[in-house]
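One-letter residues, chain by chain:
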Amino acid sequence: MDNNDIQIVLDALQLPAFLVDHEERITVSNAPARRLLGGALRGGHYAAVLRQPQILEAIETVIAGGGPARASFATSSGARETIWMASAAALSAGGRQGVLVSLEDTTEMLEAGQMRRDFVANVSHELRTPLTALIGFIDTLRGAARDDAAARDRFLSIMEREANRMNRLVKDLLSLSRVESEERMRPTGRLDMGELLRSVIQSLTPLVGDHGQRIELTGADDLPAISGDGDQLRQVFTNLIENAAKYGARDETVTVAVQVLARDPSLRCAALQIDVVDRGEGIDPIHLPRLTERFYRIDDHRSREKGGTGLGLAIVKHIVNRHRGRLRISSTPGEGSRFSVLLPLAGD
Ligand SMILES: Nc1ncnc2c1ncn2[C@@H]1O[C@H](COP(=O)(O)OP(=O)(O)O)[C@@H](O)[C@H]1O
Ligand SMILES: [Mg+2]
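Residues numbered from 1 in each chain as written. Chains lettered and ligands numbered in written order. Predicted model: local features only at pLDDT ≥ 70, side-chain atom pairs only at ≥ 80, totals over all residues. Heavy atoms only, no water.

Colleague: Which residues make up the overall build of the protein chain, and what values do they have?
Modeller: Within the protein chain one finds 10 helices and 12 strands. Relative to the globule expectation of 20 Å for 348 residues, the C-alpha radius of gyration of the protein chain, 29 Å, shows a markedly less compact shape. Each principal axis of the C-alpha atoms in the protein chain carries an extent, and together these give about 85 × 65 × 35 Å. Sorting the 348 residues of the protein chain into buried and exposed places 43% on the buried side. Taking as baseline every contact in the protein chain between residues at least 6 positions apart, the subset at least 24 positions apart corresponds to 59%. If you sum the accessible surface of the protein chain, you get close to 19,200 Å²; carbon and sulfur atoms cover 50% of it. Charge-centre separation for the protein chain: the mean point of 43 positive side chains lies 1 Å from the mean point of 47 negative side chains. (Helix = DSSP H or I, 4+ residues; strand = E, 2+ residues; numbered from the N terminus. Rg over C-alpha atoms; globule rule 2.2 N^0.38 Å. Buried < 20%, exposed > 50% of the residue type's maximum accessible area, 1.4 Å probe, protein only. Contact = heavy atoms within 4.5 Å. Areas by Shrake-Rupley, 256 points an atom, 1.4 Å probe, with all protein chains shown as cover. Lys, Arg positive; Asp, Glu negative; His and termini not counted. Charge placed at Lys NZ, Arg CZ, Asp CG, Glu CD.)

Laid out in structure tokens, this is it:
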């Protein structure tokens, strides 16, 4: 195989790839490699072009007659860093030994790994707090508070609260994992959104009443049927209305407004839009893009105090995605927030 043949093969590859020849120069490269590493690829010494010890070492190993070698290699364009896995292997070109190097983008894989580790760390941290409290109170009940009936009652009610917190957390985690595993399966049920919303609102009336609030439902009559998973959509609106009640102002009205859109430009079909609007303190725009991340809370202390797990909106987001809908959040600090769920209408 000569350089021309190698060029033809490299040109057919989508990955950046290049050949280091027997004089240690990069003599053949494909367009993705040149885009990544620049024109210096043409005939330059590989050490001058690559400049990162790990990849240089991998190439040296192959030149020295060692087997194929791999190394990670980083490039950056603008603010974004890409981490490549470079593979170097011996290749005979024109009767001489060269090294073929190809680069595979591993950024997403590494990021997914990091997300998993962060998630496990977050879950452990969230569970440890109530658990530590429970262990502490068990000790106290065995010791100092043993014969103090009033203290015992007080501690038991704190323990109950902490155990309930753990219970909610585990419940939300399970529901998140179920929703995630079903995300690629299109829901099949047909349902009446008006009926679903009325039933959600009814079950939340006690909570809302505790805050001196009321829920107003508009536009929910005679709606066209939508295809969706009833249990999951109940959860979406339960979470959103619960948030509106928890983070909204006391003695105010939470509005749930439904409208039929003949055509939504982003869904490119007819859609139902359901807005959950509160008149609370609102959300600073800097938080909006991160609000649906797991465990993201604007005010940690406040969310915990209100029994929040920080998972509610992450669950909402996944369910809406499964329904091929959109979640839009807008807010005017000081005036309130609007969470809009857009769902494509059945038959489109
Ligand atoms: N209607 C709202 N008004 C103001 N802030 C909100 C509202 N809904 C959600 N948030 C903010 O978003 C965060 C994440 O919400 P969520 O995922 O439901 O978690 P949780 O309610 O368990 O804290 C909340 O902690 C809160 O800071
Ligand atoms: Mg919530």
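Colleague: Lay out the site of ligand 1 with the relevant residues and their values.
Modeller: Near ligand 1 you find 19 residues, and of these D278, S303, T309, G310 and L313 are the closest. D278 places a polar side-chain atom, nitrogen or oxygen, 2.7 Å from a nitrogen atom of ligand 1. When each cavity is represented as a set of grid points, ligand 1 is found to reside in the largest pocket. Elements with a contribution of two residues or more to the shell around ligand 1: α8 (230-247), α10 (312-322) and β12 (336-344). If one sorts the elements of the shell around ligand 1 by residue count, α8 sits on top with 4 residues. Partitioned by chemical class, the residues of the shell around ligand 1 number 9 nonpolar, 7 polar and 3 charged. (Near = heavy atom within 4 Å. Polar contact = N/O pair within 3.5 Å; in protein donor to acceptor, adjacent residues only side chain to side chain. 1 Å grid on protein atoms, 1.4 Å probe; cavity = no way out; pocket = protein on both sides within 12 Å on 5 of 7 lines; lining within 4 Å. Sits in = over half its atoms within 2 Å of the grid points. Nonpolar A, V, L, I, M, F, W, Y, C, P; charged D, E, K, R; others polar.)

Colleague: Go over a positive patch on the surface with me, naming the residues and quoting the values.
Modeller: Together, R263, R268, R326 and R328 line one region of the surface with positive charge. Tracing the chain through its elements places R326 in strand β11 (residues 326-332). The partly exposed category is assigned to R326, whose relative accessible area is 34%. (Patch = residues over 30% accessible without salt bridge, like charges linked within 9 Å, V, L, I, M, F, W, Y side chains within 5 Å. Salt bridge = Lys/Arg side-chain N within 4 Å of Asp/Glu carboxyl O.)

Colleague: Explain empty space enclosed by the protein to me, using residue names and the numbers behind them.
Modeller: Under the definition given, this model contains 1 cavity of 30 Å³ or more. Within this model, the largest cavity holds a volume of roughly 40 Å³. Lining the largest cavity, in full, are E126, R165, L169, R297, R304, G308 and T309. Split into classes, the residues belonging to the lining of the largest cavity amount to 1 nonpolar, 2 polar and 4 charged. Looking at the lining of the largest cavity, you find at least three residues from each of domain 2 (106-182) and domain 3 (186-348). (Points joined across faces, edges and corners; volume = space filled by probe spheres on them. Domains from an automatic or database assignment.)

Colleague: Can you explain the sheet that holds strand β4 (residues 80-93)? Please cite residues and give values.
Modeller: Strand order across the open sheet formed by 5 strands is β2-β1-β5-β4-β3, with antiparallel pairing between neighbours. Of all the strands in the sheet, just β2 (26-29) and β3 (69-77) have a single pairing partner and so form its edges. Ignoring which end each strand starts from, the neighbouring axes of this sheet average 30° apart. Relative to β4, β3 runs antiparallel, the two sharing 9 bridges. From the neighbouring strand, A74 faces β4, where its bridge partner is I83. Helix α4 (residues 53-63) contacts β1 (17-20), β3, β4 and β5 (96-105) of the sheet and is inclined by roughly 145° relative to β3. The sheet strands contacting helix α5 (residues 107-142) are β4 and β5, and the helix crosses β4 at an angle near 130°. (Pairing = 2+ DSSP bridges. Axes fitted to C-alpha atoms, helices over the stretch in contact; angles between N-to-C directions.)

Colleague: Can you lay out α10 for me, pointing to particular residues and giving the numbers?
Modeller: Within α10, 9 of the 11 residues are buried, leaving the element largely enclosed by the surrounding structure. When α10 is considered as a whole, its buried residues turn out to be G312, L313, A314, I315, V316, H318, I319, V320 and R322. Considering only its buried residues, α10 is in contact with α6 (149-181), α8, β11 and β12.

Colleague: Account for the sheet that holds β11, with residues named and values stated.
Modeller: With respect to topology, 5 strands assemble into an open sheet ordered β7-β9-β10-β12-β11, the strand pairing being mixed. The two strands at the open ends of the sheet, each matched to only one other strand, are β7 (214-218) and β11. Going from strand to strand, the sheet's axes swing by 20° on average, the running direction of each strand aside. With 8 bridges connecting them, strand β9 (residues 253-264) and strand β10 (residues 269-278) associate as antiparallel partners. Considered in β10, the bridge of D264 is made with C269. Against the sheet, α8 engages β7, β9, β10 and β12, with an angle of about 30° to β10.

Colleague: Account for the domain arrangement of the protein chain, naming residues and giving values.
Modeller: As far as domains go, the protein chain holds domain 1 (3-105), domain 2 (106-182) and domain 3 (186-348). Its C-alpha centre places domain 1 at a distance of 51 Å from the equivalent point of domain 3.

Colleague: How would you explain the side chain of H323 if you had to name every residue and give the values?
Modeller: Mapping H323 onto the fold places it in the loop between α10 and β11. Of note is the side chain of H323, whose polar atom sits 2.9 Å from the backbone nitrogen of D229.

Colleague: Break down the packing of aromatic side chains for me, citing the residues and quoting the values.
Modeller: Taken as a whole and assessed by the stated rule, the structure comprises 2 aromatic pairs. Here the aromatic rings of F137 and F155 are separated by 5.0 Å at their centres, their planes lie at 35°, and the arrangement is tilted. Taken together, the residues F137 in helix α5 and F155 in helix α6 connect sequence positions 18 residues apart. The same class applies to F137 and to F155, which are both buried. A cation sits over an aromatic face here: R294 above F119, 4.4 Å from the ring centre. (Phe/Tyr/Trp six-rings, centres within 6.5 Å; stacked < 30°, edge-to-face > 60°. Lys NZ or Arg CZ within 6 Å of the ring centre and 35° of its normal.)

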